[in-house]
Amino acid sequence: MSVDWHSLTGAYATGALDADENELFVAHLADCAQCRLEVRELLETTALLGVAAAQPAPPGMRTAVLAEVARTRQMSPVVVSLTEHATRGTRSLRRWGMSVAACLAVLGIGLGAYTWRLHDENSDLHARLAAPAATPDDYSVSAAGNGWTAQVSMSRSANQVQFVCQGLAAPASGRTYQIWLIGPNGPRSAGTFSPNQNRPATRSFTGPGEATTLAITEEPSGGSAQPTTKPFLVMPLSST
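Residues numbered from 1 in each chain as written. Predicted model: local features only at pLDDT ≥ 70, side-chain atom pairs only at ≥ 80, totals over all residues. Heavy atoms only, no water.

**Q** Just checking my understanding: could you explain a negative patch on the surface for this structure?
**A** On the surface, Asp18, Asp20, Glu21 and Glu23 cluster together to form a negatively charged patch. Tracing the chain through its elements places Asp18 in the loop between helix 1 (9-13) and helix 2 (19-31). A relative accessible area of 41% means that Asp18 is categorised as partly exposed. (Patch = residues over 30% accessible without salt bridge, like charges linked within 9 Å, V, L, I, M, F, W, Y side chains within 5 Å. Areas by Shrake-Rupley, 256 points an atom, 1.4 Å probe, with all protein chains shown as cover. Salt bridge = Lys/Arg side-chain N within 4 Å of Asp/Glu carboxyl O. Lys, Arg positive; Asp, Glu negative; His and termini not counted. Charge placed at Lys NZ, Arg CZ, Asp CG, Glu CD. Helix = DSSP H or I, 4+ residues; strand = E, 2+ residues; numbered from the N terminus. Buried < 20%, exposed > 50% of the residue type's maximum accessible area, 1.4 Å probe, protein only.)

This is the structure in structure tokens:
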């Protein structure tokens, strides 16, 4: 069954997709400038609606709660001897201490998990809001090799280039990968990176200039002024 990914921007922005759908939709966003723009606008609108919908407690709530407390009958005190009171107090204090310790442990675990979830959600939200707005000359090209994939997205009018690579093995010790933009005046460095096979390596930079090709070489740690090895990845860039 085919899926109309363009109709899922709202579900993605509100976190309503399951893990598999979310992964597939993220892949769709990489190739669809229209959906990237729509998702960004939906996320901004959702944030504004959340602030607008927040309301303080009703003014009469405090008075109603205090009135209910005044009407509620309290339990009668239980009278015991001093000896029994001391024995009960020791047992109660021990039980109370254990209960407090257990509650604090559960509270600490819960707050830790909640804080971590908020951190992840906030990071994801910032990443999605940081997605570049669509431009008329958006261009994207992909390549694949031995277990790895790469994609270049660019816009000459916005003067932006983004390189994403996943699954590339780490270079040898003392070596790094270097990105080159190649044009009429030869190659110029666009930075270095060391990949993690479990996470995409992403590099964004400005100024494609007159470059018509993006290439990747393996260089000494810290990079080189000019390529010293043959590129193992060469990707064409749009000229318009």
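Read on, since the account is not over.
**Q** How do you make sense of the confidence of the model for the protein chain when you look at a structure like this?
**A** For any part of a model where pLDDT is low, the fine detail of the predicted coordinates should not be relied upon. Per-residue pLDDT for the protein chain averages 74, and the proportion of residues at 70 or more is 65%. Per-element confidence in the protein chain ranges from a low mean pLDDT of 54 for helix 5 (residues 82-129) to a high of 93 for strand 7 (residues 213-220). Every residue in residues 125-132 scores below 50 in pLDDT, and together they form ten contacts with partners more than four places removed in sequence or on other chains. (pLDDT = per-residue confidence, 0-100. Contact = heavy atoms within 4.5 Å.)

**Q** Looking at this structure, I do not really get the sheet that holds strand 8 (residues 233-236). What am I missing?
**A** Adjacent strands of a sheet form backbone hydrogen bonds with each other and so pair up, either parallel or antiparallel. Within the open sheet, the four strands sit side by side as 5-4-7-8. Their pairing is antiparallel. Both edges of this open sheet fall to strand 5 (186-193) and strand 8, since each of them pairs with a single strand only. Each adjacent strand pair in this sheet contributes to an overall mean axis angle of 30°, direction not counted. (Pairing = 2+ DSSP bridges. Axes fitted to C-alpha atoms, helices over the stretch in contact; angles between N-to-C directions.)

**Q** Is there a simple way to explain the side chain of Ser153 in this structure?
**A** Within the fold, Ser153 resides in strand 2 (residues 149-155). Once residues lying within four places of it in the same chain are set aside, the contact partners of Ser153 are Ala30, Tyr139, Ser140, Gln160, Val161 and Gln162.

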